[in-house]
Amino acid sequence: MKIIGITGTLGAGKGTIVDYMRDHYGYKHYSVRQYLIEEANRRGMELNRDTFVVVANDLRAKHSPSYITDQLYLQAAENGQNAIIESVRTPGEVDSLRQHEHFLLFGVDADPKIRYERIVARASETDKVSYETFIANEQREMSSTDPNHQNIGRCMKMADHVFMNNGDFEDLYRQLEEVLGKVEEKSSSEADC
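Here the residue index of a chain counts from 1 through its sequence in written order. Thresholds applied to this predicted model are a pLDDT of at least 70 for local features of residues and 80 or more for the giving and counting of side-chain atom pairs; totals over whole chains, interfaces and linings are not thresholded and use all residues. Excluding hydrogens and water, the side-chain values take into account all heavy atoms of the structure.

Novice: Which parts of the structure should I look at to understand the pattern of salt bridges?
Specialist: Oppositely charged side chains are able to pair whenever their charged atoms sit close together. By definition here, a salt bridge exists when the distance from a side-chain nitrogen of Lys or Arg to a carboxyl oxygen of Asp or Glu is within 4 Å. By the definition in use, this model includes 16 salt bridges. With its nearest N and O atoms 3.3 Å apart, the salt bridge here joins D19 to R22. Of this pair, D19 and R22 both sit in helix α1 (residues 14-25), separated by three residues, roughly a single helical turn. Two residues, R115 and E138, come together in a salt bridge whose shortest N-O distance is 2.5 Å. Highlighted residues: R115 in helix α6 (residues 112-122) and E138 in helix α7 (residues 131-142), separated in sequence by 23 residues. The pair formed by R115 and E138 is uniform in burial state, with each residue classed as buried. Labels follow the DSSP assignment, with helices taken as runs of H or I lasting at least four residues and strands as runs of E lasting at least two, numbered in each case from the N terminus. Note on classification: 1.4 Å probe, protein chains only; a residue is buried when its accessible area is under 20% of the maximum for its type, exposed when over 50%, partly exposed between these limits.

Written out as structure tokens, the structure reads:
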């Protein structure tokens, strides 16, 4: 079973990579966001970005910095097919997932103005924010020293491959296929040894 974790900045294209891997390679998608939605609903909390941050930080503080992705990994292992876990946000999550064979972390980033335009266009409930709030949310999640809080900046540095997604879908797909080709080539050569 191969596991790909996805990390990245807000609106960079994590979901686009997930969709491509699901549709073209048959990966099963496990979503931190969906997990947090279910937990927030269970707690009777309003569904918004601030709630998701509070719930995620609380779960990590009570259990471990990797608790959420560990739960998703257990679901994936039970299913047994190749899986993609979106969105890895703490170094502890990366470290925990790296303990499993055949794990890769993909990071995705893009220019902030492009990313903001994308979140405005997708218009989900948590994306209805001003540009200033968008930047403030991102800065809050980029570099916490608390192991139970998001540190996307560090996760991006830990990624096996980082995709710059300033172009269109086809450009991102080309980058992805190039990396997947190299990964497959490496796996084949390791299997031959």
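Alright, that's what it looks like, and here's the rest.
Novice: Would you mind going over the layout of surface pockets with me for this structure?
Specialist: The probe, sized like a water molecule, is rolled over the atoms to show the empty space still left. Space inside and on the surface of the protein is sampled on a 1 Å grid over the protein atoms alone, with a cavity defined as a set of points where a 1.4 Å probe fits but cannot get out and a pocket as an open set with protein on both sides within 12 Å along at least 5 of 7 lines; lining residues have an atom within 4 Å of a point. Grid points are joined across faces, edges and corners, and a volume is the space filled by probe spheres set on the points. Roughly 800 Å³ of internal volume is contained in the largest pocket. Considering the residues around the largest pocket, the lining is formed by 39 residues, among which G11, K14, R33, E86 and R122 are closest to the centre. Elements with a minimum of two residues in the lining of the largest pocket: α1, β2 (28-31), α2 (32-43), α3 (49-62), α6, α7 and α9 (169-192). Ranked by residues supplied to the lining of the largest pocket, first place goes to α1 with six residues.

Novice: Help me understand the packing of aromatic side chains, please; the structure alone is not making it clear to me.
Specialist: How two aromatic rings sit relative to each other is given by the distance of their centres and the angle of their planes. Any two of the Phe, Tyr and Trp rings considered here, Trp counted by its six-membered ring, make a pair once their centres fall within 6.5 Å; the pair's planes then place it as stacked at under 30 degrees, edge-to-face at over 60, or tilted in between. Tallied over the entire structure, the rule returns seven aromatic pairs. Here the aromatic rings of Y20 and Y25 are separated by 6.4 Å at their centres, their planes lie at 50 degrees, and the arrangement is tilted. Classification of Y20 by relative accessible area gives buried; the value is 10%. A relative accessible area of 36% means that Y25 is categorised as partly exposed. Measuring from ring centre to ring centre gives 5.2 Å for Y116 and Y131, while their planes differ by 80 degrees; the resulting arrangement is edge-to-face. Here Y116, found in helix α6, pairs with Y131, found in helix α7; they are 15 residues apart in sequence, far enough to count as distant. Owing to a relative accessible area of 18%, Y116 belongs among the buried residues under this scheme. Overall, Y131 belongs to the partly exposed group, its relative accessible area being 26%. Members of the aromatic cluster, joined through ring pairs, are Y20, Y25, F169 and Y173. The criterion for a charge sitting over a ring is simple: Lys NZ or Arg CZ within 6 Å of the ring centre, and within 35 degrees of the ring normal. In this structure, K28 packs its charged tip against the face of Y30, placed 5.6 Å from the ring centre.

Novice: Help me understand the nonpolar core, please; the structure alone is not making it clear to me.
Specialist: Across soluble globular proteins, nonpolar side chains show a tendency to be buried alongside one another. Counting 26 residues, the largest nonpolar core has I3, L36, L59, I68, I85 and L105 as the members making the most contacts within it. If you list the elements that add at least two residues to this core, you get α2, α3, α4 (67-79), β3 (83-86), α5 (91-98), β4 (103-109) and α8 (152-158). What makes two residues a contact is simply this: any of their non-hydrogen atoms within 4.5 Å. The residues touching L59, leaving out its near neighbours within four places in the chain, are Y35, L36, E39, R43, S64, Y67 and I68. Membership of the second largest hydrophobic core comes to 18 residues, among which are I17, V18, V108 and V183. What makes a nonpolar core is a set of buried Ala, Val, Leu, Ile, Met, Phe, Trp, Tyr and Cys residues whose side-chain atoms join them at distances within 4.5 Å.

Novice: How should I be thinking about α2 in this particular structure?
Specialist: Owing to its 3.6 residues per turn, the α-helix brings residues three or four apart onto one side. A helix is expected to span 1.5 Å multiplied by its residue count minus one. Taking 1.5 Å of rise per residue, the 12 residues of α2 would be expected to cover 16 Å, and the 16 Å separating its terminal C-alpha atoms lies within 8% of that figure. All buried positions along α2 are accounted for by V32, Y35, L36, I37, E39 and A40. Those residues of α2 that are buried are in contact with β2, α3, α4 and β3. In the analysis that follows, any N or O atom pair within 3.5 Å is treated as a polar contact, provided that within protein one partner can donate a hydrogen and the other can accept it, and provided that, for residues neighboring in sequence, both atoms belong to side chains. Residue S31 occupies the N-cap position of α2, its side-chain oxygen lying 3.2 Å from the main-chain nitrogen of R33. Remark: G44 follows α2 within two positions and exhibits a positive phi of approximately 70 degrees.

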